[in-house]
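# A closer look at the structure
For reference, the chains in residue letters:
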Amino acid sequence: MATSQLKRFDADESPGSVLERFRRFSFTGAPTVVEEREGVPFLFNEFWTARQRQAHRIHEISYRACFKPQLPAFFIEALTEPGDAVHDPFMGRGTTPIQAALMGRRPVGADINPLSVLLTRPRLSPPLLAAIERRLTEIDWQDGERPDLDLAVFYHPETLIELTALRRWLLERQAADAIDPVDDWIRMIALNRLTGHSSGFFSVYTLPPNQAVSIEAQRKINRARGQTPPRRSVPAIILKKSRTLLGDPVPYARAPSELMAAPAEATPAIADGSIRLVVTSPPFLDVVQYDADNWLRCWFAGIEPAGVPIAMHRDPEAWTGFVRGVMRELVRVLAPGGHIAFEVGEVRGGKIELERLVLAAAAGLTLVPVCVLINAQSFTKTANCWGVSNNRKGTNTNRIVLLQKR
Ligand SMILES: C[S@@+](CC[C@H](N)C(=O)[O-])C[C@H]1O[C@@H](n2cnc3c(N)ncnc32)[C@H](O)[C@@H]1O
């Protein structure tokens, strides 16, 4: 994932010279288009691409609304040095902290959803495949039960026994404070393989893994498709997915990290001025229902989903207020000269320009807007096509507000 054209980092760099570096950067040879909008430069180009820069396989777990590792990689390369702390206050599956660790930076992350730590932490201390294999032989796979929930709509009876046996094993180890990195890893894989639409998952065909449906909805899917859950081997699927995730060499055995289940706006565990770079993507207005998506994962991990107050700010004003609270906290944890790369997506057909709301949320804090960087995934047409009307259409773009702490 080399972005060597960016390599000229200087901790005291001014917003102007950072901007100049991004303006001159070209991955494909196409020139960056710059448009000044209300005093903020908007930069359009294909700054990174999934096609040309292969992401590390350890990222390959699904999570609703996750971004591609190429996005944090770009900013980490451009704006930090090895050893610097890189934080994501909405870390989700942990794309930013894991990419930071892969690049020799110190990973920091928070998410209000406790599943997020369970999905991220194990990949910062990945066990050896042999240790996973050994542990899978130690679990008594027949020690399961039929749970109160009617999970038979998703799972073959024998698969369900194995799944509940694994759940019991993990909850008992957790109660005894005996979860080690191997258990942690197995739980992460199991959370990821609970439901999905192929034979690589424990369940019968259902929605993709990050959108668990209700039991009633699954009943309807089963009726409509005339399907009953096939037998799937829980340990075999866990081992196979572990092989995939560990398929690329991991450059750390145990990356020292700070991960927490906490609201982005209150992370007292992170020291003042300790963070060099934040790369993040917040929950957008009402687009994603994290609690509805996560009920099955919460059941498996023994988490009460109703106890997770995930942000849902339907109107732009409330959302801006929420982001402002987060920005205030980020100003506290950032070192002077440190950056925030705040990714916002396309919402409601592009009618709401979230980047403007983010700039409004940051106004009056000790943050200088550097630019809004728009990464267009297929930058093949003439530069002019990225004018005001066109850049609203694409779903394949990332829009990042870049701010620097004074
Ligand atoms: C767009 S996703 C981020 C995905 C992440 N970039 C990744 O690659 O996986 C937004 C995340 O914000 C979390 N979230 C929602 N409200 C939050 C809050 N108040 N504080 C911290 N996290 C919150 C959600 O649980 C979700 O994981």
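Scoring rules and cut-offs
- Residues numbered from 1 in each chain as written.
- Predicted model: local features only at pLDDT ≥ 70, side-chain atom pairs only at ≥ 80, totals over all residues.
- Heavy atoms only, no water.
- Axes fitted to C-alpha atoms, helices over the stretch in contact; angles between N-to-C directions.
- Helix = DSSP H or I, 4+ residues; strand = E, 2+ residues; numbered from the N terminus.
- Parallel < 35°, antiparallel > 145°, perpendicular 65-115°, else oblique.
- Contact = heavy atoms within 4.5 Å.
- Nonpolar A, V, L, I, M, F, W, Y, C, P; charged D, E, K, R; others polar.
- Near = heavy atom within 4 Å.
- Polar contact = N/O pair within 3.5 Å; in protein donor to acceptor, adjacent residues only side chain to side chain.
- Areas by Shrake-Rupley, 256 points an atom, 1.4 Å probe, with all protein chains shown as cover.
- Phe/Tyr/Trp six-rings, centres within 6.5 Å; stacked < 30°, edge-to-face > 60°.
- Lys NZ or Arg CZ within 6 Å of the ring centre and 35° of its normal.
- Pairing = 2+ DSSP bridges.
- Salt bridge = Lys/Arg side-chain N within 4 Å of Asp/Glu carboxyl O.
- Buried < 20%, exposed > 50% of the residue type's maximum accessible area, 1.4 Å probe, protein only.

### Quick look at the packing of helix H5 (residues 129-138) against helix H9 (residues 234-245)
It is the contact of H5 with H9, at a shortest axis distance of 10 Å, that shows an interaxial angle of 175°. Relative to H9, H5 is oriented roughly antiparallel. Here H5 contributes Leu-129, Ile-132, Glu-133 and Leu-136 to the contact with H9, which in turn contributes Pro-235, Ile-238, Leu-239, Ser-242 and Arg-243. Residue composition of the contact of H5 with H9, grouped by class: 6 nonpolar, 1 polar and 2 charged.

### Some details on the site of the ligand
Around the ligand lies a shell of 24 residues, among which Tyr-63, Arg-93, Thr-95, Asp-111 and Ala-264 are the nearest. The contact in question runs from an oxygen atom of the ligand to an N or O atom on the side chain of Tyr-63, over 2.6 Å. Between an oxygen atom of the ligand and a main-chain N or O atom of Arg-93, the distance comes to 2.9 Å. Here the ligand, which alone exposes 600 Å², has 99% of that area covered by the protein. Here the shell around the ligand is composed, by residue class, of 17 nonpolar, 4 polar and 3 charged.

### Focus on the packing of aromatic side chains
One pass over the structure, following the stated rule, counts 10 aromatic pairs. Over the ring of Phe-42 we find Arg-37, and its NZ or CZ is 4.5 Å from the ring centre. A cation over an aromatic ring shows up here: Arg-193 above the ring of Phe-201, its NZ or CZ 4.0 Å from the ring centre.

### Looking at the sheet that holds strand E4 (residues 106-111)
Taken in spatial order, the 9 strands of this open sheet run E1-E2-E8-E9-E7-E6-E3-E4-E5, and their pairing is mixed. Two strands in the sheet have a free side with no partner beyond their single neighbour: strand E1 (33-37) and strand E5 (258-261). Taking the axes of each pair of neighbouring strands and ignoring which way they run, one obtains an average angle of 20° across the sheet. Taken together, the 5 bridges between E1 and strand E2 (residues 40-45) define a ladder with antiparallel strand orientation. In the sheet register, Arg-37 faces E2, and the bridge partner there is Val-40. Here helix H12 (residues 316-333) sits on the sheet and contacts strand E3 (85-88), strand E6 (275-280), strand E7 (334-344), strand E8 (367-376) and strand E9 (397-405); the angle it forms with E7, its principal contact strand, is near 150°. Where helix H13 (residues 354-362) meets the sheet, it contacts E1, E2, E7, E8 and E9, and its direction lies at approximately 10° from that of E9.

### Describing the pattern of salt bridges
Within the structure shown, the criterion is met by 23 salt bridges. Here Glu-158 makes a salt bridge to Arg-231, at a shortest N to O gap of 3.1 Å. With Glu-158 in helix H6 (residues 157-175) and Arg-231 in the loop between helix H8 (215-225) and H9, this pair connects stretches of sequence that are 73 residues apart. For Glu-158, a relative accessible area of 46% corresponds to the partly exposed category. Here Arg-231 falls in the partly exposed class, since its relative accessible area comes to 36%. Its salt-bridge partner being Arg-332, residue Glu-329 comes within 3.0 Å of it at the nearest N-O pair. Here Glu-329 and its partner Arg-332 are both found in helix H12, 3 residues apart, which amounts to about one turn of the helix. Connected through shared salt-bridge partners, Arg-135, Glu-138, Arg-173, Asp-180 and Asp-183 make up one network.

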